[in-house]
Amino acid sequence: MTSYHIQHYVVLRCDCSDKDVVLNRYSFFFVLVTLLFSPLIFANSALTPLEQDDAYVVIPLIIEGHIPESIRLQATTIFGKSYKAKELKVGNNFSIIKLPAGEYQWNRITMYNDRFFDLDDNNFKINVRPGVINYGGHLQAKINFRFSTAQFNYMNRSSVVMDKLKESYPDIYEKYPLVFSGHFPDPFISHYKQLVEDRGSK
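Residues numbered from 1 in each chain as written. Predicted model: local features only at pLDDT ≥ 70, side-chain atom pairs only at ≥ 80, totals over all residues. Heavy atoms only, no water.

## A look at the confidence of the model for the protein chain
Next, step 1: Within the protein chain, residue pLDDT values average 80, and 76% of them lie at 70 or more.
Next, step 2: Contacts of residues 1–5 to residues separated by more than four positions or lying in other chains number 21 contacts, the stretch itself having pLDDT below 50.
Next, step 3: Here residues 16–45 is a poorly scored stretch, pLDDT under 50, and it has 68 contacts once near neighbours within four places are set aside; other chains count. (pLDDT = per-residue confidence, 0-100. Contact = heavy atoms within 4.5 Å.)

Here it is as structure tokens:
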């Protein structure tokens, strides 16, 4: 199995002036969780069939420490679409959305009162391919409000995603192939599926 683990530390910044400023480490203390999904996201029971140039994208987020208001996945093209994951909880957050094919990047984690972590320089990208289920990696965020810092990891956990899809999205998993769309090619998914098929044929 080919895998990767990318780790970065980021300082908290602010949208409240023309320039980004590093916040005082004791600037705020409490986060309230809200839910406001982008129109691009569909509930499990309402996932619509893919149209031409569309794709499903697995959104696996792991939150530790303080909970952010939203995490944004942004197309790298100028007029590309974006998606914001909201109503996050501590621990594992897992969903599937539908997006146009193209390159996307996790580029911002927004806290409250216009504070945010800028992820543009971290290269947390997903190359979304049409007609399939795309998985680019698990984004893990460890956020420390007290020191206005955070640690981010981007990890390949393909086997976990396959098990979750079979459990929660069986119809989609059977109909559309799952592909790894992260930084490097990963043959694990195809090898695992072949292994399962071989065992089932015996």
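## Brief notes about the pairing of strand E3 (residues 70–75)
Next, step 1: Judged by how many residues are buried, E3 sits mostly within the fold: five of six residues are covered.
Next, step 2: Note: E3 against strand E6 (residues 102–110), six bridges, orientation antiparallel. Bridging from a neighbouring strand, Gln74 pairs with Gln105 of E6. (Buried < 20%, exposed > 50% of the residue type's maximum accessible area, 1.4 Å probe, protein only. Helix = DSSP H or I, 4+ residues; strand = E, 2+ residues; numbered from the N terminus. Pairing = 2+ DSSP bridges.)

## Comments concerning the nonpolar core
Next, step 1: By size, the foremost hydrophobic cluster in this structure holds 30 residues, and its most contacted members are Trp106 and Ile109.
Next, step 2: Sorting elements by how many residues they give to this core places strand E2 (residues 54–65) first, with five residues.
Next, step 3: Excluding its chain neighbours within four sequence positions, the residues that come into contact with Trp106 are Ile59, Leu61, Ile71, Arg72, Leu73, Leu119, Phe124, Ile126, Leu139 and Tyr154.
Next, step 4: Core analysis: the second largest hydrophobic core is formed by 18 residues, Leu50, Tyr169, Ile172 and Tyr173 among them. (Core = buried A, V, L, I, M, F, W, Y, C linked by side-chain atoms within 4.5 Å.)

## Let's talk about helix H1 (residues 158–168)
An α-helical segment advances 3.6 residues per turn. Residues three or four places apart therefore align on the same side.
Next, step 1: Residues of H1 that are buried: Ser158, Val161, Met162 and Leu165. Down the axis of H1, the buried side of the element spans an arc of 100°, and every buried residue falls inside it. (Arc of directions from axis to C-beta.)

## Brief notes about unusual backbone geometry
As a rule of thumb, non-glycine residues mostly have phi less than zero, and peptide bonds are mostly trans rather than cis.
Next, step 1: Even without a glycine there, the phi angle at Asn123 is positive, about 60°.
Next, step 2: Structurally, Asn123 is set in the loop between strand E7 (115–118) and strand E8 (125–128).
Next, step 3: At Ser148, a residue that is not glycine, the phi angle is positive and equals roughly 55°.
Next, step 4: If you trace the backbone, Ser148 turns up in the loop between strand E10 (138–144) and strand E11 (149–155).

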